[in-house]
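Observations on the three-dimensional arrangement
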Amino acid sequence: MTQIFNFSAGPAVLPKDVLQQAASEMLDWHGSGMSVMEMSHRGPEFSSIHRQALDDLRELLHVPANYKILFQQGGGLGQNAIVPLNLAGRRPEPVIDFIHTGSWSGKSIKEAARYARVNVAASSEAEHFARVPARDTWRLTPNASYLHICTNETIDGVEYPDAPEIDPALFPDLPIVADMSSHILSREIDVSKYGVIFAGAQKNIGPAGLTLVIVREDLLDFASPQCPSVFHWKTCAEHDSLYNTPPTYSIYIAGLVFAWLKRRGGVAAMEALNIEKARLLYAALDADDFYANRVDPAYRSRMNIPFYLRDESLNDQFLAGAKARGLLQLKGHKSVGGMRASIYNAMPIEGVQALVDYLNEFARR
Ligand code: PMP
């Protein structure tokens, strides 16, 4: 059988080891006689799975002690409402600052506008989202409730190289909220630079249905009275994410992914590999004007790499040939067209090499 490499943007490829382990434990987890799906979320078996996943994640991301890790539901789009419901009320006349760098921050802006006044402090829309707007052009609001950024735009392929610098003399209390859905755990981050980090699981963490939220403790309790209790961060934190039934099976798989990451050397080792994978792929795209990636190289995503064929009438032929070689789900997002290769942690370098070989061969042909 042809070896399959899955370049889906999400739900996305998971480590084969993890799927094999899950398969072997499907009917009987550790001699309990139960599948993880069948366990009470308050029983000792699931509690141990939950605790281990939290501990491993805290270790992998070096999450400081004054941050809570929450496992919620509702996905990235859910957090677009849950964040303003929890944080806008930090100010009597709330304003939320945004940096608009692509489709996902765009959606966040629209949703937040239902709950508070929004200020788009900078946007690269006029440049077709080819970069993160230069920091010195951002028009931040003094006293905004928070600043929202999307640190990796999954559709546009734009990634922040670092956490943005916010001068504490000018903005002494401006927490950054970061949507890291599509690159969490792919690179080292300094959690302490952020007030809140959130991520849907279905790209670099595990199955859909689980949403990771990391919240600095002093930001837990500003929710508006309208905020549903299950989404109130403080309630969720006080109940150790067990206020309502959490997505238990997704947490279990996420825990297996965290253990896999630790065995592979953690986030730093992953980052080194991700740098190499992205370098290989961009080099192939840049080598031939048959292909184009339109993002400023300083802001190119290591995880999601959109590209276009110069002759777009060949798109279907390109995709059919890729599929025949076991290179799956390379079609670009419908809003931007073209192609997209998502190369998350679980994509081995052999998969990237197979795609590069195909790119070269297709261009030659
Ligand atoms: N933010 C980003 C960066 C995303 O890539 C996605 C999903 N592709 C979302 C938010 C929305 O996530 P969900 O579908 O889980 O609501």
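Every value quoted in this text rests on a predicted model; they were computed, and no experiment measured them.

A closer look at the overall build of the chain
- When helices and strands are counted, the chain shows nine helices and 14 strands.
- A compact globule built from 365 residues would reach a C-alpha radius of gyration of about 21 Å, and the chain, at 21 Å, matches this within 12%.
- Along the longest, intermediate and shortest principal axes, the C-alpha atoms of the chain span 60 × 60 × 30 Å.
- Put simply, the chain has 365 residues, and 57% of those count as buried.
- Across the chain, the fraction of contacts at a sequence separation of at least 24, relative to all contacts at a separation of at least 6, is 70%.
- Carbon together with sulfur atoms contributes 52% to the accessible area of the chain, which is approximately 15700 Å² in total.
- Between the averaged position of the 35 positive side-chain charges in the chain and that of its 41 negative side-chain charges there is a distance of 3 Å.

As for the pattern of salt bridges
- As enumerated under the stated definition, the model contains 21 salt bridges in all.
- Residue K234 is joined to E238 by a salt bridge in which the shortest nitrogen-to-oxygen separation is 2.9 Å. Of this pair, K234 and E238 both sit in helix α5 (residues 233-238), separated by four residues, roughly a single helical turn.
- Classification of K234 as partly exposed rests on a relative accessible area of 29%.

Some remarks on the packing of aromatic side chains
- Within the structure shown, the criterion is met by nine aromatic pairs.
- When the ring of F290 is compared with that of F362, the centres are 6.0 Å apart and the planes differ by 65 degrees; the resulting orientation is edge-to-face. On the criterion of sequence distance, the pair formed by F290 in the loop between α7 (266-287) and β11 (291-292) and F362 in helix α9 (residues 349-364) is long-range, its members being 72 residues apart. Like F362, F290 is buried.
- Relative to F362, the ring of Y358 has its centre 5.8 Å away and its plane inclined at 45 degrees; by these criteria the two rings are tilted. Placement of the pair is Y358 and F362 together in helix α9, with a separation of four residues, close to one helical turn.
- For F362, a relative accessible area of 5% translates into the label buried.
- Taken together through their ring pairs, the aromatic side chains of F290, Y291, F307, F318, Y358 and F362 make up a single cluster.
- It is R90 that lies over the ring of F222; its NZ or CZ is 5.6 Å from the centre.

Observations regarding a nonpolar patch on the surface
- There is a patch of nonpolar side chains on the surface, built from M26, L27 and M37 and spanning about 320 Å² of accessible area.
- With respect to the helices and strands, L27 occurs in the loop between α1 (16-24) and α2 (44-61).
- L27 sits in the exposed class, given a relative accessible area of 72%.

Focus on the site of the ligand
- Neighbouring the ligand are the residues G75, G76, L77, W104, C150, N152, T154, D179, S181, S182, Q202 and K203.
- Backbone polar atom of L77 to an oxygen atom of the ligand: 2.8 Å apart, as the coordinates give it.
- A distance of 2.8 Å is found between a nitrogen atom of the ligand and a side-chain nitrogen or oxygen belonging to K203.
- Across the complex, the protein chains shield 84% of the 400 Å² of accessible surface that the ligand would expose by itself.
- Counting residues per element, the shell around the ligand draws most heavily on helix α3 (residues 75-87), at three residues.
- A class-by-class count of the residues in the shell around the ligand yields three nonpolar, seven polar and two charged.

Here's the deal with α3
- For α3, built from 13 residues, the straight-helix expectation of 18 Å at 1.5 Å per residue is met to within 8% by its first-to-last C-alpha distance of 18 Å.
- At A81, α3 shows its strongest bend, of approximately 25 degrees, with the proline P84 following within four residues.
- In terms of residue burial, α3 counts as a mostly covered element, since 12 of its 13 residues are buried.
- Within α3, burial applies to G75, G76, G78, Q79, N80, A81, I82, V83, P84, L85, N86 and L87.

Focus: the domain arrangement of the chain
- For the chain, the assigned domains are domain 1 (18-262) and domain 2 (266-364).
- The straight-line distance from the C-alpha centre of domain 1 to that of domain 2 is 27 Å.
- Counting from both sides, the interface comprises 24 residues of domain 1 and, opposite them, 24 residues of domain 2.
- Both faces combined, the contact of domain 1 with domain 2 buries some 2100 Å², and carbon together with sulfur accounts for 55% of it.
- Between domain 1 and domain 2 we count one salt bridge in total.
- R131 is paired through a salt bridge with D296; the nearest N and O atoms lie 3.1 Å apart.
- Where domain 1 meets domain 2, there are 13 residue pairs in polar contact (both at pLDDT 80 or more).

Some points on the pairing of strand β14 (residues 339-342)
- Neither face of β14 is left uncovered, since the one carrying M339 and A341 and the one carrying R340 and S342 both have all their residues buried.
- Of the strand pairs in this sheet, strand β12 (residues 304-309) and β14 are connected by four bridges, and their pairing is antiparallel. Counted as the bridge partner of N304 is S342 from β14.

Concerning α7
- With 22 residues, α7 should cover 32 Å at 1.5 Å per step; its first-to-last C-alpha distance of 32 Å lies within 8% of that length.
- For α7, the full list of buried residues reads G266, V267, M270, E271, N274, K277, A278, L280, L281, Y282, A284 and L285.
- The elements touched by buried residues of α7 are α2, α6 (248-263), β11, β12, β14 and α9.

About the criteria used
Residues numbered from 1 in each chain as written. Predicted model: local features only at pLDDT ≥ 70, side-chain atom pairs only at ≥ 80, totals over all residues. Heavy atoms only, no water. Helix = DSSP H or I, 4+ residues; strand = E, 2+ residues; numbered from the N terminus. Rg over C-alpha atoms; globule rule 2.2 N^0.38 Å. Buried < 20%, exposed > 50% of the residue type's maximum accessible area, 1.4 Å probe, protein only. Contact = heavy atoms within 4.5 Å. Areas by Shrake-Rupley, 256 points an atom, 1.4 Å probe, with all protein chains shown as cover. Lys, Arg positive; Asp, Glu negative; His and termini not counted. Charge placed at Lys NZ, Arg CZ, Asp CG, Glu CD. Salt bridge = Lys/Arg side-chain N within 4 Å of Asp/Glu carboxyl O. Phe/Tyr/Trp six-rings, centres within 6.5 Å; stacked < 30°, edge-to-face > 60°. Lys NZ or Arg CZ within 6 Å of the ring centre and 35° of its normal. Patch = residues over 30% accessible without salt bridge, like charges linked within 9 Å, V, L, I, M, F, W, Y side chains within 5 Å. Near = heavy atom within 4 Å. Polar contact = N/O pair within 3.5 Å; in protein donor to acceptor, adjacent residues only side chain to side chain. Nonpolar A, V, L, I, M, F, W, Y, C, P; charged D, E, K, R; others polar. Expected span 1.5 Å × (residues − 1). Bend = angle between axes of the 7 residues up to and from the residue. Domains from an automatic or database assignment. Buried area = accessible area lost by both parts, 1.4 Å probe. Pairing = 2+ DSSP bridges.

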